[in-house]
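Report on the structure
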Amino acid sequence: MKKNIMRMFMLSLLGVTMCVSGCNNGLTDEPDKVDFPTKPINVIVPFSAGGGSDLQARTLEKLAPKYLGQSFIVTNKTGGGGTVAWNELVNAPADGYTIGISGVELIMQPIYGETKYHYPTALEPLAQMAITPGVLIIKADQSWQTLDDLILYCKEHPKEVKFAHGGIGSLGHIIGEILGKKAEVDIEQVPFRGGSEAVAALLGNHVQFVVANPGALSEQIRNGTVRALAVSAKERLNNVELNQIPTFKEMGYDIVLENWFGLVAPKEIPSQIKAKLEEKLEKMISDPEFKGNIEKLGLEVEYLNSDQSKKKWQKDNENLKKILDDTGVLEQIQAQKK
């Protein structure tokens, strides 16, 4: 009788153990022991091929087999200032096999107006990869040698100076409006559909200065066609071709505003899968090949983990709301939508 009872107990215990193991689907609390990934991972890029977001994704694509043992499949889903891609990502299976590229627009779009989802709470950050500030440039044949020279000219010639940027609500637009407010000068803004068009307007003498990301300007800076007067970074850039550009703060204007690029996943991603991705992504972003390619784009590698990214999102959300109200950019965006 006792033997039968003991046999039944052991069989029950074995059954429970097998159930627990099966229910876990191979997941453990240790990322290295998680059976993931077992197939390629889809990476949704919210902007067009050839842009900063896309080129970072393509660099990760080359490194994925080395660090994850599986490939990345990069897909561009453009439109809506990033919202088309992020809408798709919110609705993707939360299994780690669909992730996406994020940018500061993920914070800005819900501020600008109603969106299908509130992306900062509907998506889960995995890592931040890089940052890029805005650079203020003029044509090299202009007489202004410093930002002070340009501001003085603006004061002496009200409403004569125009600046170009990559679109209403873009980083370049916001920086130009902040500068006008802090310097107490009236500068007319001229929007274009992207940084390259804005630079073309400068070279064609249609505007007096441009604020754009360094990647859109590196060739012109390198060949001496344009002169950079200030950068909206916390400190001077590491890039040897750009580290001679003073920051706005050095020039007496408290303007620090940077775009950032990261990776995000659907909100309900299992913690073990998230931990595995976070661990491997940190190694990929620290890889010399990734760093080298990013710096060639005029970007600065700045890794943040998931928790650090969340804190940055919260801080940026508060900061951008205030800036957009103070500069009148939010009002311009709402007027444009009407």
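This text gives an overview of the structure that appears in the document.

Parameters at a glance
- In this convention, every chain numbers its residues from 1, walking through the sequence in written order.
- Totals for whole chains, interfaces and linings use all residues, but because this is a predicted model, local features are given only for residues with pLDDT of at least 70 and pairs of side-chain atoms are given and counted only at 80 or more.
- Remark: hydrogens and water are excluded; side-chain values derive from all non-hydrogen atoms of the structure.
- Only DSSP runs of H or I covering at least 4 residues are called helices, and only runs of E covering at least 2 are called strands; the numbering of each starts at the N terminus.
- Residue contacts follow a heavy-atom distance rule, with two residues in contact if any of their heavy atoms lie within 4.5 Å.
- Each accessible area value is a Shrake-Rupley result obtained with a 1.4 Å probe; residue values ignore everything except the protein chains displayed when judging cover.
- We treat Lys and Arg as the positive residues and Asp and Glu as the negative residues; His and chain ends play no part in the count.
- Think of each charge as sitting on NZ of Lys, CZ of Arg, CG of Asp or CD of Glu.
- Strand pairing is defined by DSSP finding a minimum of two bridges between the two strands.
- To get an axis, fit a line to the C-alpha atoms, keeping to the stretch in contact for a helix; angles then go from 0 to 180 degrees between the N-to-C directions.
- Take the buried Ala, Val, Leu, Ile, Met, Phe, Trp, Tyr and Cys residues and link them wherever side-chain atoms come within 4.5 Å; each set so joined is a nonpolar core.
- Working definition: with a 1.4 Å probe on protein chains only, accessible area under 20% of the residue-type maximum means buried, over 50% means exposed, and in between means partly exposed.
- Lining residues are defined by having an atom within 4 Å of a point belonging to a cavity or pocket. Those points lie on a 1 Å grid over the protein atoms alone, cavities being sets where a 1.4 Å probe fits but cannot get out and pockets being open sets with protein on both sides within 12 Å along at least five of seven lines.
- Grid points are joined across faces, edges and corners, and a volume is the space filled by probe spheres set on the points.
- Only Asp, Glu, Lys and Arg are considered charged in this grouping, and only Ala, Val, Leu, Ile, Met, Phe, Trp, Tyr, Cys and Pro are considered nonpolar; every other residue, Gly among them, is considered polar.
- Only one rule defines a salt bridge in this text: a Lys or Arg side-chain nitrogen within 4 Å of an Asp or Glu carboxyl oxygen.

**Observations concerning the overall build of the chain**
- For the chain, the helix and strand inventory stands at 13 helices and 11 strands.
- A principal-axis box enclosing the C-alpha atoms of the chain has dimensions of 105 × 40 × 30 Å.
- A separation threshold of at least 6 residues defines the contact pool for the chain, and within that pool the share at least 24 residues apart is 78%.
- Here the chain has roughly 16,400 Å² of accessible surface; of this, 51% comes from carbon and sulfur atoms.
- Of the side-chain charges in the chain, 37 are positive and 42 negative, and the distance between the mean point of each set is 7 Å.

**Observations regarding the sheet that holds strand E5 (residues 135-139)**
- One open sheet holds the five strands; their spatial order is E7-E6-E8-E5-E9, and the pairing between them is mixed. Lying at the two open borders of the sheet, with one neighbouring strand each, are strand E7 (188-191) and strand E9 (226-231). Put simply, the sheet's adjacent strands are angled 30° from each other on average, direction ignored.
- Where strand E6 (residues 162-165) meets strand E8 (residues 209-212), two bridges bridge the pair, whose relative direction is parallel. Each bridged residue has a counterpart across the sheet, and for Phe-163 the counterpart in E8 is Phe-209.

**A look at the sheet that holds strand E11 (residues 300-304)**
- Read from one edge of the open sheet, six strands run E2-E1-E3-E10-E4-E11, paired in mixed fashion. Edge positions in the sheet fall to strand E2 (72-76) and E11, since each of these pairs with one other strand and no more. Neighbour-to-neighbour, the strand axes of the sheet open up by a mean angle of 25°, direction not taken into account.
- Bridge count for strand E1 (residues 41-45) against strand E3 (residues 98-103) is three bridges, and the pairing is parallel. Bridge pairing links Ile-44 to Gly-100 in E3.
- Seen against the sheet, helix H11 (residues 288-296) touches strand E4 (123-133) and E11 and runs at an angle of roughly 130° to E11.

**As for the nonpolar core**
- Formed by 49 residues in total, the largest nonpolar core has its most connected members in Leu-136, Leu-147, Ile-174, Phe-209 and Phe-248.
- With six residues, helix H7 (residues 171-183) is the largest single contributor of residues to this core.
- Excluding anything up to four places from it in sequence, Phe-248 contacts Leu-136, Leu-147, Ile-175, Leu-179, Ala-230, Val-231, Ser-232, Tyr-253 and Ile-255.
- With 32 residues, the next largest nonpolar core counts Leu-63, Ala-127, Leu-281 and Ile-285 among its residues.

**A short note on the layout of surface pockets**
- The computed volume of the largest pocket comes to approximately 1,200 Å³.
- Every residue lining the largest pocket is counted, 41 residues in all, and those nearest its centre are Glu-105, Gly-166, Gly-194, Gly-195 and Asn-213.
- When contributions to the lining of the largest pocket are tallied by element, the ones reaching two or more residues are helix H2 (52-68), helix H4 (105-112), H7, helix H8 (195-203), E8, strand E10 (258-266) and helix H13 (329-337).
- In the lining of the largest pocket, the residues fall into 15 nonpolar, 21 polar and five charged.

**Digging into the pattern of salt bridges**
- A full pass over the atoms with the stated rule returns 18 salt bridges.
- For the salt bridge of Asp-54 with Arg-58, the shortest nitrogen-to-oxygen distance reads 3.1 Å. With Asp-54 and Arg-58 both in helix H2, this residue pair falls four residues apart, about one helical turn.
- By relative accessible area, which is 28% here, Arg-58 ends up partly exposed.
- Close ionic contact of Glu-241 with Arg-222 constitutes a salt bridge, the shortest N to O distance being 3.0 Å. Here Glu-241, found in the loop between E9 and E10, pairs with Arg-222, found in helix H9 (residues 218-222); they are 19 residues apart in sequence, far enough to count as distant.
- Shared partners join several salt bridges into a network, and the residues in it are Glu-124, Lys-267, Lys-274 and Lys-310.

**Details of unusual backbone geometry**
- Residue Pro-37 is bonded to the preceding Phe-36 through a cis peptide linkage, with omega at -5°.
- On the secondary structure map, Pro-37 appears in the loop between helix H1 (2-24) and E1.
- The phi dihedral of Lys-159 is positive, around 65°, even though this residue is not glycine.
- In this structure, Lys-159 sits in the loop between helix H6 (147-156) and E6.
- A relative accessible area of 60% means that Lys-159 is categorised as exposed.

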